[in-house]
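The lines below spell out each chain.
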Amino acid sequence: MLPYLLVNVKSSHPAVIDKYTDDFFDVYTDMAAENFYRVLSQWCKKHNVELTGHMDLDHHLNTLNTISGHFFKNMKHNDRPAVDVIWAQIEPGVFTDFPRYAGSVKRLLGRRRAVSETFAGMGQGLHGDLMRYITDHQVIRGIDDFHLMYSNNNPDSPAESPQMPNHMLQEPFGKLIYDRIAVASAISAFGKFAGNTALYVPCYDLYRAQLGIGNLTANNAEKFIWEWVDEIARELTYMPCDFDYIWDEAILSLKITEGGFLTGSGYVINTVILPPNCTIKDEVAKKLKQFARSGGRIISVFRYSPLLERDSILCSEIDSLKALVSSSVTISPSSQISLCTRVGKGKTVYMLLNESTKDTDVEICIDNTGILYEANLKECSLKTVSTEGPFRFLSRFNGCELKVFVADKTGQAIKGLSAKAAERVCHWIPGQEVNGIEPFNWSIQLPDKNEISLDGKDFPDWASLGWPEYSGPMKYTSYFDYNSDKPNAVLCMPGLHYHAIVYVDGKEAGRTAYKPYELSLSGLEKGRHKLEIVVYNTGANEVVGTLEAEKRKYSKRFAHMAAYDRKRLKSGLLGPVKIYPV
């Protein structure tokens, strides 16, 4: 259809060609949205069923509106807007922001939940802490409902993951991981979103750029529009700043209120950021002018939009946005720490995620008052950080760690979190090894039932013990002398890869499947105790532990996932084990 239309273009002027292209884009995306997604929505409403589901290739801006229609037009008809998280689309240390697309639809259009189909096609090396990070990453961006998809990649891999049947869906660690995902999701749903900034998605420009991507000179000296949007999103994310994406149809539908756009979820957008060289249609420019007259701010990055030059502020460099965009949280030095802020009933919740794999020490400043608590999501407890705001304090983030802070002006705890267990919370801190109790007389039982002694200092990887292709449990045994008057202690295992069940004197003391690898021990009496730690690695070793195994197991359709699994071959208790009385 498009070639036929362009045959009738008498002018070679780019603006005329662009108009035909944009008109075609509107026609086909409207047809997809109205004749498929809207029809599904109508049927669901008639039968009292909620509609959700993701589009294909919704994890990149450059394919967001070219494969399955217009993402934002389609998601308008979903009760629960959704994205698909498969392969290695979310990886520690790598910036990606696509879950925020669904989160933005949820918040701008007033939907109750945003959904993610997560964990499909991630290989046999998927482990509990990676699952925690992948879901935390999405929670920060507005996803609060997870449809967990586990693929055993049959026939390229075992029918079930050796240490956890069907990829942790069952025993022994599934519930532990699910509970942690549920806690973070529930906290992110507290109150309402506290952001006020929106980043414009220029859908016409994305479509045109995708059509022209085969032109080798098209991007010779200029960034693609999706690169500009991603760079701005990265700057905002690690500022850190709460923000949403906004698009033409949202701009045209949102009501103007004092100070900006009133969203369907009740928060007000007072700042809209325009990427450079973006197309602004006349009707959208008119609405943005009304937005500016109501007190909203329009920030044009790098270049003014011609229709809005008198109504916008010019930001000549992306890293200058920090001076123009407000945030109640500042972090120094600059780090890869993202933010989600929720406010309601006299409390403000700050979720901060270190998206780097490296540990980092930072100073956090929070512009709020009341009492500031830090939440422990394992214990579901709170500990006091400061009793006087504005709050300024130092904090160490482990690689990929999520921290949650609560500024409370009421004295009433958030449902599910309390201060009563705070005194039992303790984190292992590098450099404090001398303060802990060191277990001794270490041994490990190998899969062939042979036992070997360990010195308790250098814990070898299972591959070096002759078991590179082994996936499953191995049991470590040691003893410790407990001389403290305190009956409670914390067992710290920072070198664990990747899951463990712990027994003290033959009785199960607890399980751990994600960082921090710590367990609370209770009822300890003075004297000598037997410590047994049953460690589980992942299914990666069985399929890629050696080149020979990889050739046998990963030779068909899903062979590309071997690259994911090769990163997750470490196995065992590979670091110090300490016990801290608390």
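Going by the structure above, here's the rest.
Treat the numbers as computed from the prediction; the structure is a model and nothing was measured.

Comments concerning the pairing of strand β18 (residues 371-376)
Okay, so step 1: Of all the six residues making up β18, five are buried; the element is thus mostly covered by neighbouring parts of the structure.
Okay, so step 2: Examined bridge by bridge, β18 and strand β21 (residues 402-408) share five bridges and lie antiparallel to one another. Paired with L372 across the strands is A407, a residue of β21.
Okay, so step 3: Across five bridges, the pairing between β18 and strand β19 (residues 381-386) is antiparallel. For Y373, the partnering residue across the bridge sits in β19 and is T384.
Okay, so step 4: The loop that links β18 with its antiparallel partner β19 comprises four residues; one of these, C380, has a positive phi angle of about 55°.

Side note on helix α4 (residues 99-109)
Each full turn of the α-helix corresponds to 3.6 residues, which orients residues three or four apart in the same direction.
Okay, so step 1: In terms of burial, α4 is a largely internal element, ten of the eleven residues being buried.
Okay, so step 2: Considered for burial, the residues of α4 that qualify are P99, R100, Y101, A102, G103, S104, V105, K106, R107 and L108.
Okay, so step 3: Positive backbone phi, approximately 80°, marks G110, located one or two places after α4.

So, the pairing of strand β16 (residues 347-354)
The two faces of the sheet receive side chains in turn, since in a regular strand these alternate between them.
Okay, so step 1: For β16, the buried fraction is high: eight of the eight residues fall into the buried class.
Okay, so step 2: Going residue by residue along β16, you find K347, V349, M351 and L353 tucked away on one face and T348, Y350, L352 and N354 tucked away on the opposite face as well.
Okay, so step 3: Between the antiparallel neighbours strand β15 (residues 337-344) and β16 lie two residues, among them K345 with a positive phi of about 55°.
Okay, so step 4: One ladder, built from seven bridges, connects β16 with β21; its direction is antiparallel. The partner of L352 across the bridge, within β21, is K403.

Here's the deal with the pattern of salt bridges
Okay, so step 1: On inspection of all chains with the given rule, the structure shows 37 salt bridges.
Okay, so step 2: The partner of E438 in a salt bridge is K578, with the nearest N and O atoms 2.6 Å apart. Pair noted here: E438 is in the loop between β21 and β22 (440-445) and K578 is in strand β32 (residues 578-581), with a separation of 140 residues, a long-range link.
Okay, so step 3: Note on E438: relative accessible area 39%, which makes it partly exposed.
Okay, so step 4: A salt bridge links D481 to R528; the nearest nitrogen and oxygen atoms lie 2.8 Å apart. Taken as a pair, D481 in strand β24 (residues 473-482) and R528 in strand β30 (residues 527-536) lie far apart in primary sequence, 47 residues in all.
Okay, so step 5: In this structure D481 comes out as partly exposed when scored by relative accessible area, which is 29%.
Okay, so step 6: Relative accessible area serves as the criterion here: at 55%, R528 is assigned to the exposed category.

Quick look at helix α5 (residues 128-140)
Okay, so step 1: Compared with an ideal rise of 1.5 Å per residue, which puts 13 residues at 18 Å, α5 spans 18 Å between its outermost C-alpha atoms and is within 8% of the ideal.
Okay, so step 2: Burial of α5 is extensive: 13 of the 13 residues sit out of reach of the surface.
Okay, so step 3: Looking one or two residues past α5, G142 carries a phi angle of roughly 110°, positive in sign.

Considerations on the sheet that holds strand β29 (residues 518-521)
Okay, so step 1: Judged by pairing direction, the sheet is antiparallel, and its three strands sit side by side in the order β29-β25-β32 without closing on themselves. Bordering the open sheet on either side are β29 and β32, each of which pairs with just one other strand. Neighbouring strand axes in the sheet, compared pairwise and without regard to direction, differ in orientation by 25° on average.
Okay, so step 2: Relative to β29, strand β25 (residues 489-492) is paired through four bridges, and the arrangement is antiparallel. Paired with C492 across the bridge in β29 is E518.

Thresholds applied
- Residues numbered from 1 in each chain as written.
- Predicted model: local features only at pLDDT ≥ 70, side-chain atom pairs only at ≥ 80, totals over all residues.
- Heavy atoms only, no water.
- Buried < 20%, exposed > 50% of the residue type's maximum accessible area, 1.4 Å probe, protein only.
- Helix = DSSP H or I, 4+ residues; strand = E, 2+ residues; numbered from the N terminus.
- Pairing = 2+ DSSP bridges.
- Salt bridge = Lys/Arg side-chain N within 4 Å of Asp/Glu carboxyl O.
- Expected span 1.5 Å × (residues − 1).
- Axes fitted to C-alpha atoms, helices over the stretch in contact; angles between N-to-C directions.

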